[in-house]
Structures are given as structure tokens and as C-alpha cells.
2 protein chains.
Amino acid sequence: MSKDTTTEAKIKEAAKRVFTNKGFSGCSSREIAKEAGMNVALVNYYFRSKEQLFNVVFHTVMDDFMLSMKDVFRMKQPLETKVRLFIEREYEFITKHPEIPGFIVSEMNRCEVGDSNKQFIMDEIAETGIFEEMHQAQITGEMRKIDLFSATLILMSNCHFPFIAKGLMQEIHHIDDEKYAQQLVLHKQYVIEMMIGYLFPAKK
Amino acid sequence: MSKDTTTEAKIKEAAKRVFTNKGFSGCSSREIAKEAGMNVALVNYYFRSKEQLFNVVFHTVMDDFMLSMKDVFRMKQPLETKVRLFIEREYEFITKHPEIPGFIVSEMNRCEVGDSNKQFIMDEIAETGIFEEMHQAQITGEMRKIDLFSATLILMSNCHFPFIAKGLMQEIHHIDDEKYAQQLVLHKQYVIEMMIGYLFPAKK
DNA sequence: ATCATTTTTAAACACTTGTTTAAATTTGTT
DNA sequence: AACAAATTTAAACAAGTGTTTAAAAATGAT
């Protein structure tokens, strides 16, 4: 018996679809209930409030987002390979869920996001040992001596922005969804080349 | 007599402050009126609707955003210098108006944004002649042969994302506003180095 | 089958929202 | 000063919002 057919699960999945596309303020409990095919009172029955439902959804989205990232970081592979794989995985995951980076980023700028949802992201990634590896690689000279903040920001900028700014980029370049997806495949190669070339200069 | 003291101007400026921080759905006409110190009915009197007011504000923000960008592109300078100056100007402008890239990007993803607000951005930038310059530079080998889409996307990713993802990055790295600003100064140097190194490889 | 518990339904509630209305006030024109 | 036009004010309106309530229906336990 699949758990995804329970009322609670239906509401949660519907909420995930609606919240990730429209954000917390951009949709109503009634819209979510309609999306789930349920009565609006059930939002409060199962989740106590719209806010609580949002927190549950946000937590779930973050977990999914980080899960396969952590898998890549735990691999026994050279650091440069791991970074390449990380970028590949980001593009792959987000291509399937293009609304997620924008959702996470904008809701993280909202002060109403409950503190309990501000995951201890760094701790979870640190557990994989990736930061130690980066540190060592900088000592041996394999990796450019650049602070962790900038290293992560460079990677995230080039992996997430292309999806976050889809509307704007389509307007700028007058392209439709299909063409956009094609361009991103090519774009990924360029940014891999650029970032790897910069972060691991010794290979040049 | 400064035009900025008229009722219309006061409402517009207040709306700019509120819309850029909270987006269209995240605030109400009453909130904007309160911010302006005016009665809410005046929103409709002067701008006919909340939607129209938003369109006016969006148009203004886009114009400001692009104005100095175009100034840089029109300069009589070598292309590489122009690109450097462009990046400098982006960081400078957005440091003063950190809410703007996130605002533009997220509202551009909203289907409700009026088509009249989808500026013919490309045309305006093309007028500066920058794209011809880039094309020529690719022919002469000065600039990497990379399609325009990816070139613009690389530049925008590394200039805008650091501001858009402020909340997330602060959470990841446990840093406050002041420290974040400091890190961005350093980060700018890294991304200039990376992007210029990639886009203009002949200089290596 | 009976009863207890849980879930669902639909309406109600109090508040918020964008907009409209009508009257009061201010400004402009002669 | 008189009148017209523009602006401002405050209330009203209709619809939407998150939440609560009470009753009906479904499910679980014996």
C-alpha cells in the first residue's frame, strides 16, 4: 500500500508543487487544497497551519536537494573528479526540478522562514569530508588557494543561476523552453571548463 | 520644486521600496500607501491599479539597471577592459541596490508580468555595439568562441547570484551582513580573474 | 452489530485585499 | 470672490484569506 495515497501525503505533494512554483505568499491554502483534490480545512487538520505545511515542504525539498549532492561528495574519487561530478549532478537534478533553486533562494531571503528550517547545511556537507579534501588540495597546490566561501559561491552561481533566471534569459535572447534546455546542455560544458580550469590550475 | 514631493512620486518611490523587497504578491496596496504616508485610494487614483503601479515601478527599475550598463558598453575601450568595467559596475550598482537582481529575476518568472514590461533588452544593449565587438573579437581570436547566450549567462551568473542568494549563503557560512559585504569584495576579484581568464584566453 | 475514534465536509468566522464611491478639501482659473 | 477642476479622505463594497466549528461520514475496536 503506497503511502502516497493518504490524504496527508496528497496534500503535502500538492503543496510541494504549488509552493515551489509560487512561493509562500504567491498561493493560498485553497489553491493547495484544490491541487490535492481535498477540502481546505484538511490543511489545518493535518498540518495545523499553512505556515507549518510550508515548513514541512521546505524541509523535504532541502533534504532531496542535498541528498545526491552528499552522495557525490562521499565518493572515493579525486577531488577534481568530484567537483566535475557535482556540477553534472546539479545540472541533472535541477533540469528535472527547475523550480527548486529559485524557491530555496527566495524563501531563504524571507524573514518568515522558520529557523528550524535553516538546516545546518554546512554541517551536513562537512560530514562528507569534502572540505577537508579541498583544504588538503590547497596545501598540496592541486587546488587554487581561494576561500571556501568563494569556492562554493562560484560553483553555486554557475549551477543555479541559469535555472533561476530562466524567464529573464528567455526574454533577453528570445528563446523558447526547448531551445533554452538545449542551450543549457552546451552551457554546462563551458562552465565546467571555466570553473575547473580556475579551481584546479595545476592541470593546465 | 522637486518633483519627488508630489503625491504621485511619493507613492511610486514607496512602491519601489516595497515591491523590490517583497515582490508583487508579497505586499499589499495598503502597505505601499502606509510606506508613502498616503491614503490607499490614491494608488488607484494615480496609477489605476496595483498592477499598473507595479508595471511602472518595474519599468523604472529596469531602466536604472540598464542605464550605466549601457554607458560602460559605449566606452571607447578595448573589449576586455569593457568587460572588466562591466563587472565592476555590476558589483558597485548592486551593492547599493542589492534587492534588484532578485526582484527582476523572480518577477520575470511570473507569468503576470505585463508584456509591455518585457523590455526589448537585447535591442537596447545591441545599440551600444557591444555584440559586434564581441563577434569581431571572436573572429580575431581575442575572445573565446563561445555563443552569446553562454557569454552573457556566465557574466550574469557571477555578478547577480551572490546578491540573490545572500540569505542562503549567510546561512551556509554563518556570516552576518557586514562580513558578507567584505567577502563579496574579495569574491569579485576571483570571479573577474576566472571569467576574464576564460573569455579572453589569448592573454594567458 | 455497537460504540468509540478518526477523518471529512461544508459552513461560518474575522480579517485582509484591491477597488470604488461620495463627500470634503484644496487648488486653479477667471 | 465665485466657480470649476483636481486632489484627498474615509467609508463601503465584494471577493479572497487562514482558521475554526460542528455535524456527517468513515474507520477501527470489541
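Residues numbered from 1 in each chain as written. Chains lettered and ligands numbered in written order. Predicted model: local features only at pLDDT ≥ 70, side-chain atom pairs only at ≥ 80, totals over all residues. Heavy atoms only, no water.

### Some points on the environment of B:Ala41
All names here are of chain B.
- Relative to the assigned elements, Ala 41 resides in helix H3 (residues 41-47).
- The partly exposed category is assigned to Ala 41, whose relative accessible area is 45%.
- Between the C-alpha atoms of Ala 41 and Cys 27, which are 14 residues apart in sequence, the distance is 16 Å. (Helix = DSSP H or I, 4+ residues; strand = E, 2+ residues; numbered from the N terminus. Buried < 20%, exposed > 50% of the residue type's maximum accessible area, 1.4 Å probe, protein only.)

### Let's talk about the protein's contact with DNA strand D
- Around DNA strand D there are 16 residues in total, and A:Ser29, A:Arg30, B:Thr7, B:Tyr45 and B:Tyr46 lie nearest to it.
- Near the protein, within 4 Å, the atoms of DNA strand D are sugar or phosphate in 50% of cases.
- One of the backbone N or O atoms of A:Ser29 is found 2.7 Å from a phosphate oxygen in DNA strand D.
- Secondary-structure elements contributing two or more residues to the surface near DNA strand D are helix H2 (29-36) and helix H3 (41-47) of chain A together with H3 of chain B.
- Considered class by class, the residues forming the surface near DNA strand D number seven nonpolar, six polar and three charged. (Near = heavy atom within 4 Å. Polar contact = N/O pair within 3.5 Å; in protein donor to acceptor, adjacent residues only side chain to side chain. Nonpolar A, V, L, I, M, F, W, Y, C, P; charged D, E, K, R; others polar.)

### Some remarks on the domain arrangement of chain A
Residue and element names in this part refer to chain A.
- Taken domain by domain, chain A consists of domain 1 (1-48) and domain 2 (55-203).
- Here the C-alpha centroids of domain 1 and domain 2 sit 28 Å apart.
- When the buried surface of domain 1 facing domain 2 is broken down by residue, Lys 12, Lys 16 and Thr 20 rank first, second and third, together holding 57% of it.
- Across the domain 1-domain 2 interface, the total number found is one salt bridge.
- Residue Asp 64 is joined to Lys 16 by a salt bridge in which the shortest nitrogen-to-oxygen separation is 3.7 Å. (Domains from an automatic or database assignment. Buried area = accessible area lost by both parts, 1.4 Å probe. Salt bridge = Lys/Arg side-chain N within 4 Å of Asp/Glu carboxyl O.)

### So, the interface of chain B and chain A
- Tallying the contact residues gives 49 residues for chain B and 48 residues for chain A.
- Overall, the association of chain B and chain A removes approximately 4,300 Å² of surface from exposure, summing both partners, and the carbon and sulfur fraction of that is 73%.
- Of all residues in chain B, the largest losses of buried area upon contact with chain A belong to B:Phe149, B:Phe161 and B:Met194, amounting jointly to 16% of the total for that side.
- At the boundary of chain B and chain A, one finds two salt bridges.
- With its nearest N and O atoms 3.5 Å apart, the salt bridge here joins B:Arg144 to A:Glu193.
- Our count for the chain B to chain A interface comes out at 15 residue pairs in polar contact (both at pLDDT 80 or more).
- Elements with a contribution of two residues or more to the side of chain B that touches chain A: helix H6 (100-109), helix H7 (121-126), helix H9 (148-164), helix H10 (166-173) and helix H11 (177-199) of chain B.
- The dominant element in the side of chain B that touches chain A, judged by the number of residues it contributes, is H9(B), at 13 residues.
- A breakdown of the residues in the side of chain B that touches chain A according to their chemical character gives 28 nonpolar, 14 polar and seven charged. (Contact = heavy atoms within 4.5 Å.)

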